Each structure stands twice: as structure tokens, then as C-alpha cells.
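# Inside the fold
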Amino acid sequence: VTFSTVNARTRDLEVRWSGRDFVDSGAFALLGRSLPERLKNLHLDCRRCAKLSDTSLAVLGALLPQHIQQLRLDFEDCFRISDAGLAALGKGLPQRLQLFDLSCKMCSVADPGLAAITAGLPPGLQVLRLNFDRGWMVRDSGLAALGAGLPSNLTDLALTFDHCRSVGERGLAALGVGIPEQLPQLLLSFR
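Another point: the overall build of the protein. Looking only at helices and strands, the protein features six helices and seven strands. Listing every helix and strand of the protein by position from the N terminus yields β-α-β-α-β-α-β-α-β-α-β-α-β. For the protein, whose C-alpha radius of gyration is 16 Å, the value lies close to the compact-globule estimate of 16 Å for 191 residues. Its C-alpha atoms give the protein principal-axis dimensions of roughly 50 × 35 × 20 Å. When each of the 191 residues of the protein is scored for burial, the buried share is 50%. Across the protein, contacts joining residues at least 24 apart in sequence account for 86% of those joining residues at least 6 apart.

Okay, structure coming up:
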């Protein structure tokens with residue numbers, strides 16, 4: 001894996017690694033060191049990358065350029081990603097981020113991970129899309145932490161918690177309290 005085609009003027013970068021078994025913290029370190037400072041939009045498709053782990057997310061979080069405005073991360077079915085990985089990623093989220101799209105469908109994430117990624121959201125964030133479909137360990141306290149930490153400037157919020165059987169009325173009520181009143185776009189899925 002090389003990133004010799006990424007140059008200092010690259011503003012938009014999409015990397016499709018879905019299902020690749022070489023994607024691990026080393027690949028993320030190589031990518032992170034190659035990211036140009038002017039990069040505005042980064043999309044990483046890492047669905048079904050079995051070697052991705054909490055260490056991989058810590059490396060990514062530490063190497064994200066602070067000028068990124070749009071960050072899309074798809075970690076669907078990366079079962080080695082847990083609360084510790086989301087906590088490390090949350091600490092490294094760029095403060096100029098305007099759009100954050102994170103899919104942790106079928107990952108090993110529970111309430112502490114959801115709370116940690118929420119705590120890292122920048123205050124100026126406008127678009128937030130979180131997918132924790134089949135997040136069997138997510139409970140009411142995770143939704144309460146999400147509701148308490150939603151940025152007030154949001155204009156678009158999409159939350160998917162399908163098949164999260166441990167989420168109940170208390171969690172939904174706590175989340176509802178934190179949703180900005182003037183939010184023009186809202187999608188909630190709890191099937």
C-alpha cells in the first residue's frame with residue numbers, strides 16, 4: 001500500500017478498503033502520515049476489515065489533519081473496534097469538522113464508546129450521522145450521553161440504532177431532550 005498519488009493539493013480523498021485483510025493500524029499510520037494539510041474531505045470505507053482494532057482508531061485519531069471539514073468513516077462489521085477505539089478517535093476529531101458520518105454497525109461498542117465519541121464532537125459541527133445498527137451493547141445511558149453532548153449548531157442529524165434491544169423509553173426521552181429545537185433535518189431509526 002502506497003499513497004504516492006496523494007499530494008499537498010489534494011482536498012478530497014476517498015479510500016475504499018472494504019474487506020481487505022491488510023488494513024490494520026500500520027495501514028492507518030501510513031495513510032495518516034500521507035494526508036495533506038489542505039485535505040478538507042476524508043472518506044474511509046473500511047467495512048469488514050477484520051484486522052481493524054482500537055489501536056487502528058487511536059492511530060487514525062492521532063494523525064487526522066485539523067483542517068478536515070468532512071469526515072466519513074465506515075467501520076461496519078469491524079468487531080475488534082470497541083469503546084477504547086471510539087474514545088481515542090473522539091479525542092482526535094478535528095475542531096473545524098462540519099460533517100461527521102460514522103458507521104459502527106455490528107462493532108463491539110457500548111455506552112462508554114458512544115459517550116466518548118460524543119464528548120469529542122466539535123461545537124461547530126453541523127451534520128452528524130451515526131449508525132450503531134446491531135449495537136447490542138448500547139443502552140439508555142449511551143443515548144443519554146449522546147443527547148447531552150449534541151452540538152447546538154446541528155442542521156442535519158441522522159441516528160440509526162436499529163436492533164439495539166437494550167434501548168428503552170428512558171434513553172429515547174434523554175436523547176430527545178438534547179436534540180436542538182430548530183433542527184431542520186432529523187432522521188431517527190430504532191427498528
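Okay, back to it.
For the rest of this paragraph, the subject is the sheet that holds strand S6 (residues 156–160). The seven strands are arranged S1-S2-S3-S4-S5-S6-S7 in an open sheet whose pairing can be described as parallel. Unpaired on one side and paired on the other, strand S1 (12–16) and strand S7 (185–189) mark the two borders of the sheet. In this sheet, adjacent strand axes meet at a mean angle of 5° when their direction is disregarded. Note: strand S4 (residues 99–103) against strand S5 (residues 127–131), five bridges, orientation parallel. For aspartate 101, the partnering residue across the bridge sits in S5 and is arginine 129.

Following the sequence through the fold, aspartate 83 ends up in helix H3 (residues 83–91). Those residues within four positions of aspartate 83 in sequence are excluded, and the remaining contacts are Ser108, Val109, Ala110, Pro112 and Gly113.

What follows concerns the pairing of S1. Covered by surrounding structure in S1 are Leu13 and Val15 only, the residues Asp12, Glu14 and Arg16 on the alternate face being uncovered. As judged from the five bridges shared by S1 and strand S2 (residues 41–45), these two strands associate in the parallel manner. Of the residues in S2, the one forming a bridge with arginine 16 is aspartate 45. Following the chain from S1 across helix H1 (residues 25–34) to the adjacent parallel S2, one finds a crossover that is right-handed.

Although it is not a glycine, methionine 106 adopts a positive phi angle of roughly 60°. Mapped onto the secondary structure, methionine 106 falls in the loop between S4 and helix H4 (111–119). You will see that arginine 134, though not glycine, has its phi angle at about 60°, which is positive. Examined against the element boundaries, arginine 134 turns out to sit in the loop between S5 and helix H5 (140–149).

Rules used throughout
Sequence order sets the numbering: in each chain, residues are counted from 1 along the sequence as written. Per-residue local features of the predicted model are confined to residues with pLDDT of at least 70, and side-chain atom pairs are confined, for both listing and counting, to 80 or more; whole-chain, interface and lining totals are unaffected and use all residues. Where side-chain values are given, they derive from all heavy atoms of the structure, hydrogens and water being excluded. Secondary structure follows DSSP: runs of H or I at least 4 residues long count as helices, runs of E at least 2 residues long count as strands, and numbering of each begins at the N terminus. In this treatment the radius of gyration is a C-alpha quantity, and the globule benchmark scales as 2.2 Å times the residue count to the 0.38 power. Partly exposed describes any residue whose relative accessible area lies between the buried limit of under 20% and the exposed limit of over 50%, with all areas from a 1.4 Å probe on protein chains only and scaled to the type maximum. Residue contacts follow a heavy-atom distance rule, with two residues in contact if any of their heavy atoms lie within 4.5 Å. Strands are treated as partners if at least two bridges between them are detected by DSSP. Only the stretch in contact is used when a helix axis is fitted, and all axes are lines through C-alpha atoms; the angle between N-to-C directions ranges over 0 to 180 degrees. Clockwise travel from the first strand over the helix to the second, with the strands pointing away from the viewer, marks a crossover as right-handed.

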